[in-house]
Structures are given as structure tokens and as C-alpha cells.
Amino acid sequence: MTVHFVGSGPGAADLLTLRAAGLLRQAPVVLYAGTYLDEEILAHCAEDAELVDTQHLDLDRITEHLVDAHRRGLDAVRLCSGDPSLYSALTEQTRRLDAAGVPWDVTPGVPAYAAAAATLGAELTVPELVQTVVLTRTQARSTAMPDTEALARVAGLRASLVLHLAITRVRALAEELSTEYGTDCPAAVVAFASRPEELVLRGTLADIADRVERAGLKHTAVILVGRALGVREQSEVACSHLYDPARDRPV
């Protein structure tokens, strides 16, 4: 049988892909992280599905449940918050399944950064302003970051920057990023993107930490930084070459 790693999206039950919803309806075993998941998503599951909340389980225990389902001849869904390609421990889990001879596949989901950008009504790539998006995190009580990915190096690109798992360090990060981006650079925080309790904070690197601290945010939030966030306030914005009416004019 197969273990399906399924991106559950940013939280809203109606942001699951059709494939994800179909897998949940059919799966006899579903593992999910209760900390990050809106319970409405579980409404897609079969009434008799075996549901396992993994928020207090380590990877070995999680793997045991997946291998056990396989040995019982049952498909299993492993729900990942957002998209499995980002900070989902997919590599660690699938290596364990490979060693146990358990087949698996992956169904993508809407990533949290995309839901946050949608809430902000923001395009993170704006012609002649920024064409690169960096998705990263910082180190606190977590796995060490590679030296080559130090925030100061990343900030040097002045790309649209999305910071995951970093909300508790927002003040130090804003100060560090100000060196490259400037204190007036637009910044936003979106917590619980797409969920009923969604919270949006907008500001600049000079004041975003104050806003976060007043709101008391501690987790489940992404930080977005970059000039693209403030582009609608500009009087003129360059036209994308693809849609420029002058594109096909003879020189």
C-alpha cells in the first residue's frame, strides 16, 4: 500500500487541491499535525478513518504508524501544513519509509507564503523592481542554518523575502534586514493565513516589530519584506514585457 504525503494548504479547508480532498476521502488512515491544521480540513476524511494527531510524536513514532498501516494493507495520508516541499521533514520521513520498503508519493498544497501574499493582494515579483523571491527561515531553537545562507547574505539580494518560523525574533531580524533594505522598506506579517482567525499586520522594518509585539504573535505567522509590498502606492510601475503594447513594434 502507499503513504501519500499531502499538502494541506495554509489552513482553509477549501484551499485543498481536488487531489488532496480525494485522497482524504479514500484514506483509511490519516496522520495530521493538530498544531497547524484547521479541524475543518479533517471533515474531508471518511467517517470511519483512523485519525492520528502527530503534534506530540517524534519522527520515529510517526514512521511506526505509517509502516503499521502499510503492513495492515491500508493506504495512509500524511498531512503536511502548507506544501510538502517546504519545512515538512519530507526527506527524513521518506528515507525511513524507503528503508522499510514502504512506497510513497507526494501531492502538493498551497504554501503559506502564497496564501499570505494573496491576503495582502501582493505580487512578489514586480517588473524592474524585484524578480526574485527568497523563502527562508532563521535559527533560534531549531536546526542550524548553513553558513552560506546567513540572513545578511540573503538580504544582500534585496529580493522579496519571506521568513518562516521566525516571528519570535522579528525585532532582531528587522534591525538586521534594515541595513540592506532600509528602515522604510515595507514589511508585513500574516498570521493564520486563510483561517478564520487570520491576522494581518502592515508596516515597515522600522515599526513591524512593535506591531507584532502588541498583537502578541508567537507562532503560525510568516514575515514578508520587500519593495514589492509597497508598489501600489507608487505613481508609476514598469509594464511587464509580456503585456507591453510596444513589445512587437518594429525598432
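Scoring rules and cut-offs
Residues numbered from 1 in each chain as written. Predicted model: local features only at pLDDT ≥ 70, side-chain atom pairs only at ≥ 80, totals over all residues. Heavy atoms only, no water. UniProt positions renumbered as here; feature names shortened; annotations may be inferred. Helix = DSSP H or I, 4+ residues; strand = E, 2+ residues; numbered from the N terminus. Buried < 20%, exposed > 50% of the residue type's maximum accessible area, 1.4 Å probe, protein only. Axes fitted to C-alpha atoms, helices over the stretch in contact; angles between N-to-C directions. Parallel < 35°, antiparallel > 145°, perpendicular 65-115°, else oblique. Contact = heavy atoms within 4.5 Å. Nonpolar A, V, L, I, M, F, W, Y, C, P; charged D, E, K, R; others polar. Disulfide = S-S within 2.5 Å. Core = buried A, V, L, I, M, F, W, Y, C linked by side-chain atoms within 4.5 Å. Domains from an automatic or database assignment. Buried area = accessible area lost by both parts, 1.4 Å probe. Salt bridge = Lys/Arg side-chain N within 4 Å of Asp/Glu carboxyl O. Polar contact = N/O pair within 3.5 Å; in protein donor to acceptor, adjacent residues only side chain to side chain. Pairing = 2+ DSSP bridges.

- The name given to the protein in an unreviewed UniProt entry is Precorrin-4 C11-methyltransferase, with the source organism recorded as Rhodococcus coprophilus.
- Word for word, the UniProt comment on the protein under Pathway (unreviewed entry) is "Cofactor biosynthesis; adenosylcobalamin biosynthesis."
- Regarding the protein, the UniProt comment filed under Sequence similarities (unreviewed entry) reads as follows: "Belongs to the precorrin methyltransferase family."

## Comments concerning unusual backbone geometry
- In the Ramachandran plot, Glu128 falls in the positive-phi region, its phi being about 65° despite a non-glycine side chain.
- The topology assignment puts Glu128 in the loop between helix 4 (112-120) and strand 6 (133-137).
- Residues other than glycine seldom take positive phi values, yet Ser194 does so here, at roughly 80°.
- Its relative accessible area of 24% is what places Ser194 among the partly exposed residues.

## Notes on the packing of helix 6 (residues 170-181) against helix 7 (residues 208-215)
- Running from N to C, helix 6 and helix 7 point in directions that differ by 170°, and their axes come no closer than 9 Å. On the basis of their axis angle, the class for helix 6 and helix 7 is roughly antiparallel. On the side of helix 6, the interface is formed by Val170, Arg171 and Ala174, while helix 7 contributes Ile208, Ala209, Asp210, Val212 and Glu213.
- Looking at the contact of helix 6 with helix 7, its residues break down into five nonpolar, no polar and three charged.

## Details of the state of the cysteines
- Under the criterion given, the structure shown has zero disulfides.
- Between Cys45, a free cysteine, and Cys80, which holds the nearest cysteine sulfur, the sulfur-to-sulfur gap is 14 Å.
- On the basis of relative accessibility, which here comes to 10%, the residue Cys45 falls in the buried class.

## Structural notes on the nonpolar core
- Among the nonpolar cores identified, the biggest contains 32 residues, and Leu161, Leu177, Val189 and Val225 are the most heavily contacted of them.
- When residues of this core are traced back to their parent elements, those giving at least two are helix 5 (151-155), strand 7 (160-164), helix 6, strand 8 (186-191), helix 7 and strand 10 (221-225).
- It is helix 6 that contributes the most residues to this core, five residues altogether.
- Once residues lying within four places of it in the same chain are set aside, the contact partners of Leu161 are Val134, Thr136, Leu151, Val154, Leu177, Tyr181, Ile223, Leu224 and Val225.

## A word on the domain arrangement of the protein
- In terms of domains, the protein is made up of domain 1 (3-107) and domain 2 (112-233).
- Taken over C-alpha atoms, the centre of domain 1 sits 28 Å from the centre of domain 2.
- Each partner contributes residues to the interface: domain 1 has 10 residues there, and domain 2 has 13 residues.
- Across the domain 1/domain 2 interface, buried area totals approximately 870 Å², and carbon plus sulfur atoms make up 63% of it.
- Summed over the three residues of domain 1 that lose the most area to domain 2, namely Pro10, Leu86 and Tyr87, the buried surface amounts to 55% of that side.
- For the interface between domain 1 and domain 2, the tally reads zero salt bridges.
- At the surface where domain 1 touches domain 2, the tally comes to two residue pairs in polar contact (both at pLDDT 80 or more).

## Focus on the sheet that holds strand 4 (residues 76-80)
- Taken in spatial order, the five strands line up as 3-2-4-1-5 in an open sheet, and their pairing is parallel. Pairing within the sheet leaves two strands with one partner each, and these edge strands are strand 3 (50-53) and strand 5 (104-107). In this sheet, neighbouring strand axes are inclined to one another by 20° on average, regardless of whether the strands run parallel or antiparallel.
- Pairing analysis gives four bridges linking strand 1 (residues 3-7) to strand 5, with the strands arranged parallel. Directly across from His4, in strand 5, lies its bridge partner Asp105.
- Strand contacts of helix 1 (residues 18-26): strand 1, strand 2 (29-32), strand 4 and strand 5, with the helix running at about 135° to strand 1, the strand carrying the most contacts.

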